[in-house]
Amino acid sequence: MCDPEEEETKAELDRRSFVVGAASGFGLALLGFLVAAKQSLLGGAGPAPIKGGPYNIPQGDGKYTFVDVSGLWNDVGITNRTNKKLSNFDEQGTAFAQEALPPSFGPELAIVPCPQDGVKFVFPDQTGRVMNVIKCQSDRVEIPQGRYSKVHMLGASLRGSTTGVTGFLQFDGGAQSSFDLYLEPWRGGPNEADIVLDARKIYLADGTEPTGPDVHAYLYHAQVSCDSTKVLRRLILPSGCHCSDHEGCACKISDIRVLAVTLEP
Amino acid sequence: MVKISKTRTASQTLSFITINLGFIAGNTGIPLVILSCQFLKYRLFDCFFYVLQDGLFNSGAATAPKVAAPYLYTLAIALVLFVVMALFLGTAWCAWICPVGYVQDLLSKGRAKAGIGYFRIPDRFQKYVKPIKYIFLAAVIIISFGAALPWISNTKIRNSLYLPLCYVCPARALFVYLQIFLGILPATTDVPLLSIISFPIFLVGALLFRKGWCIICPNLGLLSFFHKLNAVSLFRRKVRCTKCGTCVRVCAMGAADLETQGDVSKPECIRCYDCMDHCPADKSRSTYFFKKKIAESKFPATRLRKELLVEA
Amino acid sequence: MLLFESLGRFLIIILIASVAGLGIGWLFLSTVERSERKEEKKETKKKDALNALLANLKASKGETEASATSQITLALTNLAKQRRRPENMQHFDSIARFQGERIDEIEAFKKAGGKVVGFFCSFVPIELIYASGALPLRLDSGLYCTVAPSEQLLPSDACPVVKSTLGTEMLELSPYFKSCDVFVCPSSCDMKTKVADVLEDFVPIWRLEVPRYKDEDWTKRAWQNEINSFARNLEKLTGQKITREALRRSLESAQDARTVFHHLRELRKTKPPPISGRDAMLVTQATAYDDLQRWTEKTNKLCSELEQRIENKITVADSDAPRIMLAGSPIVWPNWKIPILVEESGAVIVCDELCTGDQGTLSDPVNVDEWTMKGMLAALADRYLLPITCPCFTPNDKRIDKIVRMVRDFAVDGVVYHQLRGCYVHKIEFNRIRTALKDLQVPVLGIETDYTQEDLGQLRTRIEAFLEMIQSAKQVFATEVTQ
């Protein structure tokens, strides 16, 4: 005996399969169109990088003192997919990917510890909307006056080991001392002892997003001793290389990028 | 008799492992329509709700339409992708792939083994419980977009309203805490207080109500718009049904009733197929993927014990 | 985070609160709702007039007993005389004889301190009875000779099943009845409800209030309460607590029995079936008295034999014998009048819609989703109320669906609707069933009868005419197809 309920089910299934099939086909087509037409839809160069802030940077956490370098951030070194056109950690359109950083670093600023010895840094906004790295070119960092024994910096160099990269510490009363800033290259160097983080994804200038276990982008922790008998007023960051051709330049100075500065009394 | 629940558990386990395989394969950047937490280290997929909240917030915070354009574009792609995924599996994403659902099922199994019963929300209260997920969804969208608009001047308050769902999402509490405990994420990872508070509430919901979180989950609220418009369909044949009431008793979402016939999908039905597994009437409940039958209810024949078997 | 210390404090508070919440929740959930019920009357008060009446009846007990034995023997002889009867029916014959090994087993069980719980209808969960250590016995009676004595205490136009049962109890004719420590009387139909009042004078009675509506939340909760207090009463009776393991074991062994029963029904779908309706119904009714596990074993053996017969194409009926479904009022052993008449007239009964047959205790399974005490009791309460299509419920639409489904599955050619005198609920539903079957183009024969042999001739004529009509209709259909 025929079962009218079976027939009803079949009819319902036919109708439904057709509707779902048609709708998903349309949806996939739309998706393809959107992905392919991204260039023309978004147009041109996209938004220019903007300065962020004002930021509420805490003074310190009792032990360390955080230095507010947010006014000195002058390029976008960490972006997300939305802003990857602004990638420019290395003057060549590459940058760290926010998606590869633990979001515990927060959308705005976050306090990030150094895994080896617990030194804390204020980590900048990583969305790429705003500038978040300092391209060191003898920038003057004003320090909350006090006596400190160590100056910690979070950053990386662009290529090769750094030599002859000198910065200055200026004290109250006009005294000044120099220091050698040593940071490994951000894409990987021989000595990886001071790694603060290792991101597995970067954005390239052509829009690709290499990712995976072979991709590395590091940030390092550098430490500079300071005379704690004197009162520190100012930190002068190293200057960058001025040569037009970095590959063959004679100064052998490697560009430095610094994200944060912390002081230890 | 192999129940479809075994297949479902296998699928949940597989997806749980796969989603956490980011340390092998990296991050694909594809947002899945389940609670796959964005805050995990080494995740294979992104969380759709993170993309949604982030996109809304950034669009609202944009100072000019040109600045908002890329965020809206990402949001548009994510939405179209969502629609395609929802058309494909509908609410079956919840019971077959979502890792929070997986944890809830494991907790239920543990509770049953310990001999403790559960609370079934009585029929007269079901109608009050069902709109909660839509209210939750609306709240998430409104807060994400509204918080970013220029009427809040204090950036600290504004930033604390960023990602409202992530404060209470059990996926963060379950999996991010686990990663912190295992040392994969640093111990000083940001763990909001609200997230800590919502975790025991989630546990209580899972243990007392079987699928407590799923009942109020905003993700289900979003997927439930496609509950009948998807490829996974559930049918009930009235003549074959004996109205034994088992499906109504067994359904943890309150989505089964004895009157609806034909396509019996409800907005709450997450295709866990407990109703079909326990239905004793042959061919009464059946499920199809597009036009192919996947499974149907069968009389629960036992394998007779040795003493009762006849020597051939 | 900078607030780590206060966070730790918060964490501890939250942890304590959630543990407390879970603890309270557990307290609520692990205790099963048990409502208080007034104590049933324990002692049996036999009034003087009643004693005098019973003394009178005892005088003629010998006659009645002989009559009962002859009714049983006649029916069994008819069954034995079938050509190509399955061999494995012997065990069920011995159970049906109401004497012998089974009686001895029960007596030994009682001597060892066991309790026997007798019950009516399909509303009583036998799994609970087994789990508490007692023995269940289903007590409907099909003896003709015990009807007359009961008419002293019941109206003459009352349902004959209840009259026969009361008469058997009054005369202490059945060893099964005598061994019961208590009768469980669900308030299903009017007669079953009120006979409890009369039986109270003879034996302790437990009532189970069966609600008239099944679809309402509050009736389902009331029924759950009934089941829970039934369980508690059983525990008090046997002195044994119903543990989770005991209940689980008895549920599983009942599910074994249901599997085998389901298999037997499936085998009767074959064209033509390997076993006659008279025999299959006897197998079903044997569950009323037999030990469940042994019944499962023997029926399993019978099923294996039937499978063999299907392979070797051995059947009990001609291949063109009309396939009949019996429906309506209960047909209780040894009242085999209608099954024997129908099958002797050349038809074969392939299924039935009787609460004493295919729709009895073994028809629907108990679907436990979680093996917790609460889960098992909830499953039991659901199974012993919702899928039952007894016409004592209102509305009872599911019964029509069930009949339609069975007609389709078993390829039924005609339905014999059996109505007992005084069984009004079945009579009222006959109209709707006849209409539904008309839509399916299946003929129905309505038979009204009683516990008497007087209308045998009349019934035979009507049944034969009905079967002839079915046969000729089938032939017409066949010729239509070939043309």
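Residues numbered from 1 in each chain as written. Chains lettered and ligands numbered in written order. Predicted model: local features only at pLDDT ≥ 70, side-chain atom pairs only at ≥ 80, totals over all residues.

**Details of the overall build of chain A**
To keep things clear, this is the line we draw: Secondary structure elements are defined from DSSP: runs of H or I of at least 4 residues count as helices, runs of E of at least 2 residues count as strands, and each element is numbered from the N terminus. Exposure in this text rests on C-beta crowding, where 20 or more other C-beta atoms within 10 Å of a residue's own make it buried, 12 or fewer make it exposed, and counts in between make it partly exposed. The C-beta atoms are placed from the backbone. Once C-beta atoms are placed from the backbone, any two residues with those atoms within 7 Å are in contact.
Helices and strands together make up the secondary structure of chain A, namely 2 helices and 15 strands. For chain A, with 265 residues in total, the buried portion stands at 42%. Put simply, 73% of the contacts in chain A that link residues at least 6 apart link residues at least 24 apart.

**Here we look at the overall build of chain C**
Cut-off, in case you're wondering: We compute the radius of gyration from the C-alpha atoms alone; for a globule the expected value is 2.2 Å times N to the 0.38, where N is the number of residues.
Along the backbone of chain C there are 19 helices and 8 strands. The C-alpha atoms of chain C give 25 Å as radius of gyration, which agrees with the globular expectation for 483 residues (23 Å, within 12%). Considered along the principal axes of its C-alpha atoms, chain C spans approximately 95 × 70 × 40 Å. In chain C, buried positions account for 49% of the 483 residues. Expressed as a percentage of contacts within chain C between residues at least 6 apart in sequence, the contacts between residues at least 24 apart total 75%.

**Some remarks on the pairing of strand β15 (residues 256–264) of chain A**
All names here are of chain A. Stated formally: Strand pairing is defined by DSSP finding a minimum of two bridges between the two strands.
Summarising burial for β15: 8 of the 9 residues are buried, a large majority. Pairing of strand β1 (residues 65–67) with β15, which is carried by 3 bridges, proceeds in the antiparallel orientation. Directly across from threonine 65, in β15, lies its bridge partner leucine 263. Alignment of strand β6 (residues 134–135) against β15, held across 2 bridges, turns out to be antiparallel. From the neighbouring strand, lysine 135 faces β15, where its bridge partner is arginine 257. By the bridge criterion, 8 bridges tie strand β8 (residues 150–157) to β15 in an arrangement that is antiparallel. Among the inter-strand pairings, glycine 155 is bridged to a residue of β15, identified as valine 258.

**Topic: the confidence of the model for chain C**
Heads up, the condition is: Confidence of the predictor at the level of single residues is given by pLDDT, which spans 0 to 100.
Taken residue by residue, chain C gives an average pLDDT of 89. The fraction at 70 or more is 93%. Reported for the predicted complex are a pTM of 0.76 and an ipTM of 0.87.

**With respect to the interface of chain C and chain B**
Quick reminder of the rule: Following the grouping adopted for this structure description, the nonpolar residues are Ala, Val, Leu, Ile, Met, Phe, Trp, Tyr, Cys and Pro, the charged ones are Asp, Glu, Lys and Arg, and the polar ones are all others, Gly among them.
Between chain C and chain B, the residue contacts involve 41 residues of the former and 41 residues of the latter. Of all the elements in the fold, those that place two or more residues in the side of chain C that touches chain B are α1 (4–30), α12 (244–267), α14 (292–311), α16 (373–383) and α17 (397–410) of chain C. Each residue belonging to the side of chain C that touches chain B can be placed in one class, and the counts come to 13 nonpolar, 13 polar and 15 charged.

**Details of the sheet that holds strand β7 (residues 414–420) of chain C**
Residue and element names in this part refer to chain C. Formally: Axis definition: a line fitted to C-alpha atoms, over the contacting stretch in the case of helices. Angles run 0 to 180 degrees between N-to-C directions.
With respect to topology, 4 strands assemble into an open sheet ordered β6-β5-β7-β8, the strand pairing being parallel. Here the strands that pair on one side only, and so sit at the sheet edges, are β6 (348–352) and β8 (444–449). Going across the sheet, the axis of each strand differs from the next one's by a mean of 30°, ignoring polarity. α17 contacts β5 (323–328) and β6 of the sheet and is inclined by roughly 165° relative to β5. This element, helix α18 (residues 424–439), spans β5, β7 and β8 of the sheet and lies at about 170° to β7.

**A look at helix α3 (residues 61–80) of chain C**
Residue and element names in this part refer to chain C. Let me state the cut-off plainly: Take the number of residues in a helix, subtract one, and multiply by 1.5 Å to get its expected span. What the arc covers is the set of directions going from the helix axis to the C-beta atoms.
For α3, spanning 20 residues, the distance from its first C-alpha to its last is 28 Å, which sits close to the expected 28 Å at 1.5 Å a residue. Where α3 is concerned, the buried positions are Thr64, Ala68, Gln71, Ala75 and Leu79. Considered in projection along α3, the buried side chains sweep an arc of 70° and stay on one side of the axis. Exposed residues pointing more than 90 degrees away from the buried face of α3 are listed as Gly62, Glu63, Ala66, Ser70, Thr73, Thr77 and Ala80. Buried positions along α3 lie against α8 (160–171) and α13 (277–285).

**Section: the sheet that holds strand β5 (residues 285–289) of chain B**
Residues and elements named next belong to chain B. A sheet is described by the order of its strands in space; here 4 strands give the open sequence β4-β3-β5-β6, paired in antiparallel fashion. The open sheet has two edge strands with one neighbour each: β4 (262–263) and β6 (292–296). Sheet topology places strand β3 (residues 232–236) next to β5; 5 bridges connect them, and they run antiparallel. By the bridge assignment for β5, arginine 236 is matched with arginine 285.

**Some thoughts on the pairing of β5(B)**
Residue and element names in this part refer to chain B. By the bridge criterion, 4 bridges tie β5 to β6 in an arrangement that is antiparallel. Among the inter-strand pairings, phenylalanine 289 is bridged to a residue of β6, identified as lysine 292. In sequence, β5 turns back onto β6 through a hairpin of 2 residues, with phenylalanine 290 there showing a positive phi of about 50°.

**Here we look at the packing of α17(C) against α18(C)**
Residue and element names in this part refer to chain C. Using the following cut-off: If an angle is under 35 degrees, it is roughly parallel; if it is over 145, roughly antiparallel; if it lies from 65 to 115, roughly perpendicular; otherwise it is oblique. Two helices cross in a left-handed way if the nearer one is turned anticlockwise from the farther one by less than a right angle. They cross in a right-handed way if the turn is clockwise.
Between α17 and α18, whose axes approach to 10 Å, the crossing angle comes to 40°. Classified by the angle their axes make, α17 and α18 are oblique. Crossing angle aside, the handedness with which α17 passes α18 is right-handed. In contact with Arg399, Ile400, Ile403 and Val404 of α17, α18 contributes Glu429, Arg432, Ile433 and Ala436.

**Description of unusual backbone geometry**
Phi is mostly negative for residues that are not glycine, and the peptide bonds are mostly trans. Note that the residue after Lys271(C), namely Pro272(C), is joined by a cis bond; omega there is -10°. You can see Pro272(C) is positioned in the loop between α12 and α13. Note that the residue after Trp333(C), namely Pro334(C), is joined by a cis bond; omega there is 0°. With respect to the helices, strands and loops of the structure, Pro334(C) is situated in the loop between β5 and α15 (337–344). In the Ramachandran plot, Lys243(B) falls in the positive-phi region, its phi being about 55° despite a non-glycine side chain. Tracing the backbone through its elements, the reader meets Lys243(B) in the loop between β3 and α15 (246–250). At Lys313(C), a position not held by glycine, the phi torsion is positive, near 55°.

**What about the environment of His152(A)?**
Residue and element names in this part refer to chain A. In this structure, histidine 152 sits in strand β8. Among the residues examined, histidine 152 registers 21 C-beta atoms within 10 Å and is labelled buried. Not counting residues within four places of it along the chain, the set of residues in contact with histidine 152 comprises Val119, His221, Gln223, Thr262 and Glu264.

**Topic: the packing of α13(C) against α15(C)**
Residues and elements named next belong to chain C. The contact between α13 and α15 brings their axes to 9 Å, and the two run at 155°. Relative to α15, the element α13 lies roughly antiparallel. For the pair α13 and α15, contact is made by Gly277, Arg278 and Met281 and by Pro339, Ile340 and Glu343, respectively. For the contact of α13 with α15, a count of residues per class yields 3 nonpolar, 1 polar and 2 charged.

**Regarding the environment of Leu32(B)**
With respect to the secondary-structure elements, Leu32(B) resides in strand β1 (residues 31–32). Filtering out sequence-adjacent residues up to four positions away, Leu32(B) remains in contact with Phe45(B) and Phe48(B).

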